[in-house]
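Coordinate analysis (summary)
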Amino acid sequence: MTPDHDRSPGTGGRTGLSDLLRGHRLAAGLTQAELAARAGVGVRTVRDLERGRSVRPQRTTIDLLADALGLTGALRQAFSAAARPAPAAAPHRTADGPYPAGQHRTADGPYPAARHLPLTGSATTGSGTPVALPQPVPLIGRDRDVAEVAALLAADHPVVSLVGLAGVGKTALALTVGHAAAADHPGGVAGVLVGEGSDATDVLAASVAVLGVNRLADLPGRLAGRPALLLLDAVERAPGAVTEALRTLLAAAPGLRVLVTGRRPVGLAGELVRPVAPLDVPPAGVVPADPADPAALARWPAAALFTARLAQVRREPPTPAELPALAALVRRLGGLPLAIELMAARGRILDVTELLDRYGDRVLDLATGDRPGWEPADPAAGTVTLREAVATSYHLLAPADRAALRWLSAFGNRWSVELAEDLLADGGARADAVPLLDRLLELGLLSVRGTGRFRFRLLDAVRDFAAEQAAAAGELARIRRRHALVVTGLVVRTAPNLLGGEPSAALHLLDEATTDINVALAYAADDDPETALRLAAALPRWWRLRGRDVSGRRWLRRLLDDPRTADADPLLRAWALIGASGLAAEHGAAAEEVPGARAALAAFRAAGEVTGELWSRLVLGTLLPATGAHDEAREQAEAVLELATRHGRAREMAVAQTYLSWHDVRVGELAGARRRLASVDRLAAQSGEQQLRLLARAHLAEVARLEGRYADAVAQGRGVARALAEVGDPGQRRRVLGTVGLALAQAGRVDEALAVLAELRPALPVPAQRRPADAGSGDRTGVGADHGRPEDAVCALIEGQVALHRGDRELAAEWFAAAAEAAVAGRDRRDLIEALVGLAASTADLAVLDRLDRARRDNGISLLPPEEDLLYALVARRDVRTRRR
C-alpha cells in the first residue's frame with residue numbers, strides 16, 4: 001500500500017503538496033500530531049493536507065507549517081509554490097462585475113460567494129447615497145462600537161482600521177458602520193474583499209471600480225469633492241499591496257475615507273487603529289436570582305448571542321437549570337462571537353450543561369466545519385479550528401513578543417502593567433511592557449476593560465493557545481514558578497493595607513486577583529512550598545473577610561505540616577501559625593490552635609518582633625476562652641495594651657481595649673465596657689481605622705441590648721450593619737444582625753425580628769411555628785447537625801424569644817435548648833448563658849438552673865441584673881407552688 005492510498009480522488013496536481021508535506025514531516029521525524037502542535041494548527045489540517053483533501057490552504061497555514069518544519073531557501077519556496085499553483089484564471093483581478101446573487105455568512109458577517117471581488121450589494125439610502133455593500137447581519141451588543149467607529153470616520157480620520165482576532169466580528173461591525181454612516185458620505189459607500197496573493201494593482205483596480213470609475217484619474221471627478229467611504233476587508237491577506245494602493249488612492253482623492261478590517265494594522269501614516277474586543281461576558285456569580293426571569297443574564301451580549309444562536313438549532317430556550325452553565329460557558333469562550341456561534345451550533349444535540357462539561361476545556365478545538373450549514377469563505381481551504389485562527393495572529397508577532405505572550409498566559413484574570421513587567425523580568429531587569437502590550441492590543445490578542453490598574457486580560461482562547469505553546473517549548477514549569485513568585489509579592493505588598501483606614505481598595509485588588517492567587521497557591525504548594533507558605537501567611541485577613549476561614553486554615557495547616565517548610569524562616573512560620581490560629585477562632589476550632597499560637601509568641605519574643613508579639617497575644621486572647629482560661633485571656637489583652645501603649649501603637653491599643661470590653665461584659669461590668677468602647681472609638685479615629693470604629697459600635701449595640709435599651713441597640717446595630725455591608729466584612733455583619741434581631745425579639749417587635757432572621761437564613765423561610773427539628777441534619781442554615789457557628793446560636797435565641805413573647809413556652813424551650821447546644825461549640829459563651837436563662841424561664845426546671853450555674857462558673861460569666869431578677873422570680877414561683885402542694 002502506498003502513502004497515497006487514503007487520498008481523496010480527483011486531487012490532480014495537489015498531490016505535489018501532499019507528498020512534499022508528508023516527506024518533510026517524515027524527514028523531521030514528526031508524527032502528524034507533533035507537527036500540528038509545533039505549528040499551532042489542528043491535526044485535522046495536517047491530515048487533510050497530506051490526503052489532498054484541502055486543495056487551496058490558506059497562506060498563513062502554509063507559513064506555519066514551513067516554520068514548524070524548519071524550511072528555508074529553495075525548499076521553502078518549492079513548498080509554498082506547491083500550495084499555490086497559478087490558476088487558469090485569476091478571479092481576484094476581476095474588479096468590475098457584481099457578485100453572484102448567492103451569499104453566505106461567517107462569524108464576521110456576510111461575504112459574497114466569489115472571492116477576490118468587490119463587496120457589493122444594491123441599496124440607496126434615504127439621503128440618496130448609493131451603498132454598494134451586502135446587508136449587515138443584526139449585531140448584538142455592538143451599538144456603542146458602531147457609534148464610536150462612525151464618529152471616528154466623521155472626525156476626518158482618513159483610515160480607520162478595525163483589528164482583532166479572527167471571528168471577533170470585524171467585518172460585521174464594518175458593514176453595519178458602512179450602512180449607518182452612509183448619510184455622511186454622499187459620494188457613495190462600497191467595499192472590497194482582499195484576496196490572497198493580490199498586488200497593489202489588483203487592490204487599486206477593484207477599489208476604483210466599486211467607487212464607480214474605470215481609472216484612478218477619473219475618481220476625483222466622480223466624487224466632485226463629496227466624501228466617500230471605502231471598506232477594505234481582510235487586509236492581512238495582502239498587507240503590502242493594500243498599503244501601497246491606499247497611499248495612491250488617498251493622494252488622488254483626499255475626501256475618501258477608508259474603513260479597514262484585518263488582523264493587524266495597515267501601517268499607514270495617520271491610520272487610526274481601533275481594536276475590536278469580544279462581547280462582554282457575565283462575571284462569575286451572575287445568574288438570575290429568579291430562575292423564571294433570565295433577564296439579568298440576557299443583559300450580557302455574549303449570553304444574548306449564545307441564546308439567539310441556540311434558538312436557531314433548538315426550539316426551547318435555556319431552562320433555569322441551564323443558566324449557570326450558560327454563564328460559565330460564554331465566560332470560557334471569552335465572548336468571542338465565532339466561538340459562541342460554533343458552540344451554540346452543537347446545542348442541536350447537547351444541552352448547555354453538557355456543552356460546558358464536554359467542551360469547556362477544549363474551546364480551541366472548535367472548528368468551522370463542525371457547524372451545521374456553515375459555508376467557509378473558501379471551501380477549498382478545509383476546516384479551520386479556533387486554534388488555527390489564534391495561531392495566525394500569534395505568528396504575526398516577532399519571536400520575542402511570542403515568548404512574552406506565552407509568559408503572560410500564566411495570568412488567569414485581569415492584571416496591571418506593573419504585574420506584567422514583574423512576570424516578564426524573571427529575575428532580570430524590568431523592561432517597559434507598554435510597547436509590547438500595544439502590539440498585542442493592535443493584533444486583538446489583548447483585551448482592555450475598565451479604568452483601574454487591573455484592566456488588561458488575554459482573550460481566553462489566546463491564553464489557552466499561548467499556554468499550549470509554552471508547554472510545547474518546555475517553558476511551563478518555569479513560567480508557573482515565576483507567576484507564583486509575582487503573585488506572592490503582590491499579596492505580601494497588598495495584605496497589610498487591609499488593616500488600614502481604607503481597606504476597600506486592597507480588598508478589591510485581592511478580589512481581582514482571586515483566580516491567580518488560587519492558581520499560584522496550588523502550584524507552589526507542590527513545586528515551591530516555602531513560597532506557598534509565604535503567600536498563605538499573608539492571606540488570613542482576606543480569607544476571613546471573604547468567609548473562607550475553613551479553607552484558609554486548611555491551606556496553612558497543610559503547608560506548616562509539609563516537611564519541606566520545616567527549615568523556613570522561623571518568623572514566616574510564626575506568622576503562618578498566627579494566621580491559622582486566628583482563622584480557627586472563627587469556626588470553633590480555637591482550642592486546637594492554642595499550642596501553635598504560644599509557639600508563635602515565643603518566636604516573636606525571641607526575635608524582638610513587637611508587631612508579631614502584639615498579634616500573638618491578641619490571638620491567644622481570642623483562643624484561650626475556648627479552653628476555660630478566661631483569666632489568662634484577660635492577662636494577654638492587658639499585656640497587649642501595655643506593650644502597644646509603650647510603643648505608641650494606637651491601633652493595637654484600640655484592639656486590646658475591645659478585647660477587654662468583652663471581659664467586662666463577661667463579669668457584668670457593662671458600664672466599664674461602655675467606657676472602654678468609647679476609648680476604642682477615639683483611638684480608632686486617631687489611627688484612621690474605620691473598621692475598628694464599626695466594631696466598637698457593634699459592641700456598643702450589644703451592650704445596649706444587654707442593658708435592656710432595645711431601641712438604641714436596634715438603631716445603632718442597623719447603622720453598623722449597613723456600613724459593614726459596604727466595607728465587606730460578612731462575618732461581623734451577621735453578628736451585628738444577630739444583635740438587632742435579638743433586641744427586636746426581646747422588645748416584642750416580632751415581625752421585624754423575623755425579617756432579620758430571614759436575612760440571617762437566606763435559604764429558608766421562617767414560618768411562625770417552625771421548630772428546631774424542621775432544619776434537619778442537612779440544613780446549613782438551621783441548628784440541626786451542623787452546630788457551632790455564632791449565627792446558629794443567635795438564630796435559635798431569636799426564635800426562642802419570639803416564641804416566648806407569643807406565650808408558647810413549649811416551643812420557646814425547644815429553641816432555647818437548641819441555642820444552648822449550638823453555643824457549646826461556638827466562640828461566645830455569653831450565648832450559652834442567655835440560652836440557659838431562656839430555657840429556665842420557659843420550663844421552670846431546677847435542673848436547668850444547676851446546668852446554668854455550672855456553665856457560669858466554668859466560663860467565668862456573671863449574670864446581669866435582668867437575668868438575676870428573672871431567675872429569682874422563677875425560683876420564687878417554684879417555691880410558692882411547692883408550698884401550696
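Nothing here was measured: the structure is a model prediction, and the numbers come from that model.

1. Points about the overall build of the protein
Within the protein, the regular secondary structure consists of 41 helices and 12 strands. Split into buried and exposed, the 885 residues of the protein put 53% on the buried side. In the protein, of all internal contacts separated by at least 6 residues, the share reaching a separation of at least 24 is 68%. Accessible surface, the protein as shown: approximately 36700 Å² in total, 52% of it carbon and sulfur.

2. Brief notes about the packing of helix 30 (residues 630–646) against helix 31 (residues 650–666)
Closest axis-to-axis distance for the helix 30/helix 31 pair is 8 Å, and the angle between their directions is 150°. Overall, the two elements helix 30 and helix 31 adopt an arrangement that is roughly antiparallel. The two elements helix 30 and helix 31 cross, and the hand of that crossing is left-handed. Listed contacts from helix 31 to His630, Asp631, Ala633, Arg634, Ala637, Glu638, Val640, Leu641, Ala644 and Thr645 of helix 30 are Glu652, Met653, Ala656, Gln657, Tyr659, Leu660, Trp662, His663, Asp664 and Arg666. The class makeup of the residues in the contact of helix 30 with helix 31 is 10 nonpolar, four polar and six charged.

3. Topic: unusual backbone geometry
Its identity as a non-glycine residue notwithstanding, Asp156 has a phi of 70°, on the positive side. Residue placement: Asp156 occurs in the loop between helix 6 (143–154) and strand 6 (159–163). Asp156 sits in the exposed class, given a relative accessible area of 53%. Despite not being glycine, Ala234 has its phi angle at roughly 65°, a positive value. Taking relative accessible area as the criterion, Ala234 reaches 6% and is therefore assigned buried.

4. Considerations on the environment of Val434
Examined against the element boundaries, Val434 turns out to sit in helix 19 (residues 434–442). Each C-alpha atom of the pair Val434 and Glu418 lies 9.7 Å from the other, and the pair is 16 residues apart in sequence.

5. Observations concerning the side chain of Asp422
For Asp422, the position within the fold is in helix 18 (residues 417–425). Residues contacting Asp422, with those up to four places away along its chain left out, are Arg430, Arg482, Val486 and Arg493.

6. Here's the deal with the pairing of strand 7 (residues 189–193)
Among the five residues of strand 7, five are classified as buried, and the element is accordingly described as predominantly covered. Judged by which residues are buried, strand 7 turns out to be covered on both faces: Val189, Gly191 and Leu193 on one side and Ala190 and Val192 on the other are all buried.

7. Quick look at the packing of aromatic side chains
Scanning the entire structure with this criterion turns up four aromatic pairs. Following the ring pairs from residue to residue traces out a cluster consisting of Phe411, Trp415 and Phe456. Positioned above the aromatic ring of Tyr359, the side-chain terminus of Arg346 is 4.4 Å from the ring centre. Geometry around Trp542 places Arg548 over its ring, the cationic atom sitting 4.9 Å from the centre.

8. With respect to the nonpolar core
Of all hydrophobic cores here, the largest spans 151 residues; its most connected members are Leu65, Leu259, Phe306, Leu405, Leu408, Trp415 and Leu440. It is helix 27 (residues 570–585) that contributes the most residues to this core, eight residues altogether. Each residue touching Leu405, except ones within four places of it in the same chain, is listed here: Tyr394, Leu397, Leu440, Leu445, Leu458, Val462 and Ala466. Ranked by size, the runner-up nonpolar core spans 57 residues in total, among them Ala723, Val794, Ile798 and Leu832.

9. Some remarks on helix 27
For helix 27, spanning 16 residues, the distance from its first C-alpha to its last is 23 Å, which sits close to the expected 22 Å at 1.5 Å a residue. Among the structural elements, helix 24 (529–537), helix 25 (540–545), helix 26 (549–561), helix 28 (590–607) and helix 29 (610–623) are those in contact with the buried residues of helix 27.

10. Comments concerning the environment of Glu592
Along the chain, Glu592 turns up in helix 28. In this structure, the C-alpha to C-alpha distance between Glu592 and Ala626, residues 34 residues apart in sequence, is 9.6 Å. In this structure the side chain of Glu592 is engaged in a polar contact, spanning 2.9 Å, whose partner is the side chain of Arg553.

11. Some words on the pattern of salt bridges
Side chains that differ in charge, positive against negative, can pair when their charged atoms come close. Applying the stated rule across the entire model yields 49 salt bridges. A salt bridge links Glu593 to Arg557; its shortest N-O distance comes to 3.1 Å. One end of the pair, Glu593, is in helix 28; the other, Arg557, is in helix 26, and 36 residues separate them in sequence. In this structure, the salt-bridge partner of Glu867 is Arg830, at a minimum N-O distance of 2.9 Å.

12. Let's talk about the confidence of the model for the protein
Across the protein, the average pLDDT comes to 83, with 84% of residues at or above 70. Mean pLDDT values for the elements of the protein range from 34 in strand 1 (residues 103–106) up to 98 in helix 24. In the predicted structure, residues 372–382 sits below a pLDDT of 50 and forms 25 contacts with residues beyond four places in sequence or in another chain. In the predicted structure, residues 774–790 sits below a pLDDT of 50 and forms 34 contacts with residues beyond four places in sequence or in another chain.

13. Observations regarding the packing of helix 29 against helix 31
The N-to-C vectors of helix 29 and helix 31 enclose an angle of 15°; their axes lie 11 Å apart at closest approach. On the basis of their axis angle, the class for helix 29 and helix 31 is roughly parallel. For the pair helix 29 and helix 31, the sense of crossing is left-handed. Contacts between helix 29 and helix 31 pair Leu614, Trp615, Leu618, Gly621 and Thr622 from the former with Arg651, Glu652, Val655, Ala656 and Tyr659 from the latter. Of the residues contributing to the contact of helix 29 with helix 31, the split by class is six nonpolar, two polar and two charged.

14. What about helix 24?
Of all the nine residues making up helix 24, seven are buried; the element is thus mostly covered by neighbouring parts of the structure. Listing the buried residues of helix 24 in full gives Pro529, Thr531, Ala532, Leu533, Leu535, Ala536 and Ala537. On its buried face, helix 24 sits against helix 21 (476–494), helix 23 (514–527), helix 25, helix 26 and helix 27.

15. Remarks on the pairing of strand 9 (residues 256–262)
Where burial is concerned, most of strand 9 is hidden: seven out of the seven residues are buried. Because side chains alternate across strand 9, one face comprises the buried residues Leu256, Val258, Val260 and Gly262, and the other comprises Arg257, Leu259 and Thr261, equally buried. Relative to strand 9, strand 6 runs parallel, the two sharing five bridges. Paired with Val163 across the strands is Gly262, a residue of strand 9.

16. With respect to the environment of Arg564
Inspection of the secondary structure puts Arg564 in the loop between helix 26 and helix 27. Excluding residues within four positions of it along the chain, Arg564 makes contact with Ala525, Asp526 and Pro529. Within polar-contact distance, the side chain of Arg564 engages the backbone oxygen of Ala525 at 3.2 Å.

Rules used in this analysis
- Residues numbered from 1 in each chain as written.
- Predicted model: local features only at pLDDT ≥ 70, side-chain atom pairs only at ≥ 80, totals over all residues.
- Heavy atoms only, no water.
- Helix = DSSP H or I, 4+ residues; strand = E, 2+ residues; numbered from the N terminus.
- Buried < 20%, exposed > 50% of the residue type's maximum accessible area, 1.4 Å probe, protein only.
- Contact = heavy atoms within 4.5 Å.
- Areas by Shrake-Rupley, 256 points an atom, 1.4 Å probe, with all protein chains shown as cover.
- Axes fitted to C-alpha atoms, helices over the stretch in contact; angles between N-to-C directions.
- Parallel < 35°, antiparallel > 145°, perpendicular 65-115°, else oblique.
- Left-handed = near helix turned anticlockwise from the far one by under 90°.
- Nonpolar A, V, L, I, M, F, W, Y, C, P; charged D, E, K, R; others polar.
- Phe/Tyr/Trp six-rings, centres within 6.5 Å; stacked < 30°, edge-to-face > 60°.
- Lys NZ or Arg CZ within 6 Å of the ring centre and 35° of its normal.
- Core = buried A, V, L, I, M, F, W, Y, C linked by side-chain atoms within 4.5 Å.
- Expected span 1.5 Å × (residues − 1).
- Polar contact = N/O pair within 3.5 Å; in protein donor to acceptor, adjacent residues only side chain to side chain.
- Salt bridge = Lys/Arg side-chain N within 4 Å of Asp/Glu carboxyl O.
- pLDDT = per-residue confidence, 0-100.
- Pairing = 2+ DSSP bridges.

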